Amino acid sequence: MELLIISIFTFFFLSHAELPGTWDLLVSNAGISSMHTAVTRFNTVVLLDRTNIGPSRKMLRKGHCRVDPYDAVLKRDCYAHSVLFDLQTNQIRPLMILTDTWCSSGQFLHDGTLLQTGGDLDGFKKIRKFDPCDINGSCDWVELDDVELSEGRWYASNQILPDGSVIIVGGRGANTVEYYPPRDGAVLFPFLADVEDKQMDNLYPYVHLLPNGKLFVFANNKAVLFDHETNKVVKGYPPLDGGPRNYPSAGSSVMLALEGDYSTAVIVICGGAQYGAFIERSTDTPAHGSCGRIVATSLDPIWEMEDMPFGRIMGDMVMLPTGDAIVINGAQAGTQGFEMASNPCLYPLLYRPGQPVGLRFMTLNPGTVPRLYHSTANLLPDGRVVVAGSNPHFFYKFEAEFPTELRIEAFSPEYLSPDRANLRPVIEEIPDTVRFGESFDVFVSVTLPVVGLVEVNFASAPFATHSFSQGQRLVKLTITPSVPDSGNRYKIGCNAPPNGAVAPPGYYMVFAVNQGVPSVARWVHLVA
């Protein structure tokens with residue numbers, strides 16, 4: 001009876017209250033349904049699907065058809081399966097991808113190039129690169145012919161390391177890790193085999209680089225601390241209650257903001273399907289809404305449990321510039337897989353890590369577009385969250401209860417509401433490049449006088465796919481209090497991240513945050 005009363009109250013509240021946040025339709029037809037999404041330093045967005053899906057809704061440039069005698073659908077494919085989206089003009093430019101990127105992985109390299117690895121069929125061992133440019137440039141996918149993966153990677157995860165190299169972890173039938181640039185081929189990682197079950201819940205493992213340089217690797221319901229320099233597991237963590245959390249059981253995970261002396265890293269994992277839903281192809285088995293939170297750097301770590309307001313699978317957890325996280329997209333029943341979910345979860349949630357258990361989640365303004373299997377969410381430089389994709393079908397299918405989704409939307413958190421515009425800082429000056437441990441100044445302007453500290457926070461640009469953003473991190477810099485410079489302009493003294501374990505080398509969106517309101521980010525290249 002108590003649960004029923006809570007449910008009725010929740011329904012009444014969500015139906016009648018003015019909930020925070022707003023939605024905007026950016027593009028009504030992107031041409032493809034994005035399975036993988038990444039934001040580049042040119043303020044463009046790379047959208048990527050799979051190649052053997054048949055006709056998309058965007059043609060390639062004339063004379064650039066893909067010819068593949070082994071393609072089961074189109075031997076001569078003149079349709080785009082990747083596009084470049086410009087955030088300022090909403091222009092869409094087709095990109096050409098040759099090998100199959102179905103359920104592949106990716107990561108930006110230290111020079112800003114997007115590394116893309118694996119997939120299915122002819123993409124199984126493939127390595128690709130995309131060197132970004134603005135929307136009027138000619139940048140396109142390059143398939144590497146002189147190097148390939150040591151082992152085929154399908155449903156793997158990538159993470160950039162402190163030295164700028166990338167580790168590629170797992171994949172279907174691949175209980176190994178390997179590196180780019182290549183080291184010594186594939187290295188056995190028995191942990192992945194140990195946690196495999198009949199549903200293969202060890203796929204798309206959650207990989208987080210901790211500030212001590214080790215990797216927190218989570219698969220199914222267990223985690224280990226992995227030393228990538230010795231390729232050894234150095235520690236095991238307690239199991240997380242609540243069943244499997246990785247693909248196909250579709251939870252999500254973030255590492256909370258690194259700050260202070262950067263000695264502490266906290267991992268959060270939320271949601272997931274009930275075990276067996278994938279095997280039984282059950283679309284109506286309720287998802288669970290439990291979350292586990294653990295101090296991964298603790299000597300004696302334990303999971304702290306809490307519940308989201310909704311059961312959720314396929315939710316994307318996105319770190320915001322403030323240090324809060326948003327949970328967006330997904331469904332309340334079923335599992336990952338083609339046509340295996342129901343009851344879309346249209347309500348985003350704000351996760352506020354500084355609040356006590358029971359008060360951390362805030363329900364936000366619901367969207368209207370179901371975003372189920374193969375949807376993505378990424379932080380944008382203006383502080384919004386771009387959402388794309390959702391194709392719960394094997395091919396593109398538009399006459400269905402949950403059709404293939406070509407629309408691109410943006411969700412604006414409450415910090416972008418008009419009543420906070422006077423608090424929003426503008427970054428006037430910031431270096432284009434900073435070195436590890438370097439001291440530098442940032443100049444910002446704010447309409448209203450500054451009260452308290454203006455934070456300066458580094459946000460990575462991750463590779464989002466299958467409910468996990470590979471390489472996602474937020475680093476809060478050590479700063480000095482804002483000093484008036486002239487008029488409404490202030491100087492903030494900053495210390496760059498001390499090393500590549502805290503923030504690997506690469507391009508970051510750098511936000512000034514005033515009283516919880518972020519600026520538009522400036523891209524800064526962090527180098528050794």
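Keep in mind the model is a prediction, meaning the values are calculated, not measured.

Thresholds, definitions, all that
- Residues numbered from 1 in each chain as written.
- Predicted model: local features only at pLDDT ≥ 70, side-chain atom pairs only at ≥ 80, totals over all residues.
- Heavy atoms only, no water.
- Phe/Tyr/Trp six-rings, centres within 6.5 Å; stacked < 30°, edge-to-face > 60°.
- Helix = DSSP H or I, 4+ residues; strand = E, 2+ residues; numbered from the N terminus.
- Buried < 20%, exposed > 50% of the residue type's maximum accessible area, 1.4 Å probe, protein only.
- 1 Å grid on protein atoms, 1.4 Å probe; cavity = no way out; pocket = protein on both sides within 12 Å on 5 of 7 lines; lining within 4 Å.
- Points joined across faces, edges and corners; volume = space filled by probe spheres on them.
- Nonpolar A, V, L, I, M, F, W, Y, C, P; charged D, E, K, R; others polar.
- Pairing = 2+ DSSP bridges.
- Axes fitted to C-alpha atoms, helices over the stretch in contact; angles between N-to-C directions.
- Disulfide = S-S within 2.5 Å.

Observations regarding the packing of aromatic side chains
Alright, step 1. In the structure shown here, the tally under the stated rule is 23 aromatic pairs.
Alright, step 2. Their ring planes at 85° and their centres at 5.6 Å tell us that W102 and F394 sit as a pair that is edge-to-face. With W102 in the loop between β7 (92-95) and β8 (105-108) and F394 in the loop between β31 (385-389) and β32 (408-412), the pair connects residues that are 292 residues apart, well separated along the chain.
Alright, step 3. By relative accessible area, W102 is classed as buried at 9%.
Alright, step 4. Looking at F394, the relative accessible area reads 37%, which means it is partly exposed.
Alright, step 5. Taking the centre distance of 5.6 Å and the plane angle of 40° together, the rings of F189 and F191 count as tilted.
Alright, step 6. Residue classification places F191 among the buried residues on the basis of a relative accessible area of 9%.
Alright, step 7. Grouping aromatic residues by their ring pairs yields a cluster made of W102, W154, Y155, Y204, Y247, F338, Y373, F394 and F395.

Some details on empty space enclosed by the protein
Alright, step 1. Within this structure, the stated rule accounts for 8 cavities of 30 Å³ or more.
Alright, step 2. In this structure, the largest cavity encloses a volume near 200 Å³.
Alright, step 3. Surrounding the largest cavity, 20 residues form its lining, F108, S460, A461, G506 and Y507 being those nearest its centre.
Alright, step 4. Elements with a minimum of two residues in the lining of the largest cavity: β8, β12 (157-160) and β43 (506-514).
Alright, step 5. Of the residues forming the lining of the largest cavity, the biggest block, 3 residues, is contributed by β43.
Alright, step 6. Tallied by class, residues from the lining of the largest cavity come to 11 nonpolar, 7 polar and 2 charged.

Here's the deal with the sheet that holds strand β17 (residues 215-219)
Alright, step 1. Taking strand neighbours across the sheet as the criterion, the 4 strands line up as β16-β17-β18-β19 in an open arrangement whose pairing is antiparallel. A strand with exactly one partner marks an edge of an open sheet, and here the two such strands are β16 (206-209) and β19 (232-236). The average angle at which neighbouring strand axes cross in this sheet is 30°, direction not considered.

Looking at the state of the cysteines
Alright, step 1. Summed over all chains, the structure comprises 3 disulfides.
Alright, step 2. Disulfide pairing is shown between C65 and C78; the S-S distance is 1.9 Å. The sign of the 105° torsion about the S-S bond sets the C65-C78 disulfide as right-handed. Of the two residues, C65 sits in the loop between β3 (44-48) and β4 (66-67) while C78 sits in the loop between β5 (76-77) and β6 (82-86), which places them 13 residues apart along the sequence.
Alright, step 3. Covalent S-S linkage joins C133 and C139, the inter-sulfur distance amounting to 2.0 Å. Across the S-S bond of C133 and C139 the torsion is about -75°, and the bridge reads as left-handed. This pair shows no difference in class: C133 is buried, exactly as C139 is.
Alright, step 4. Sequence-ordered numbering of the bonded cysteines in the chain yields a pairing of 1-2, 3-4, 5-6.
Alright, step 5. Unpaired in this structure, C345 has its nearest cysteine sulfur neighbour in C291, at a distance of 12 Å.
Alright, step 6. Classification of C345 by relative accessible area gives buried; the value is 4%.

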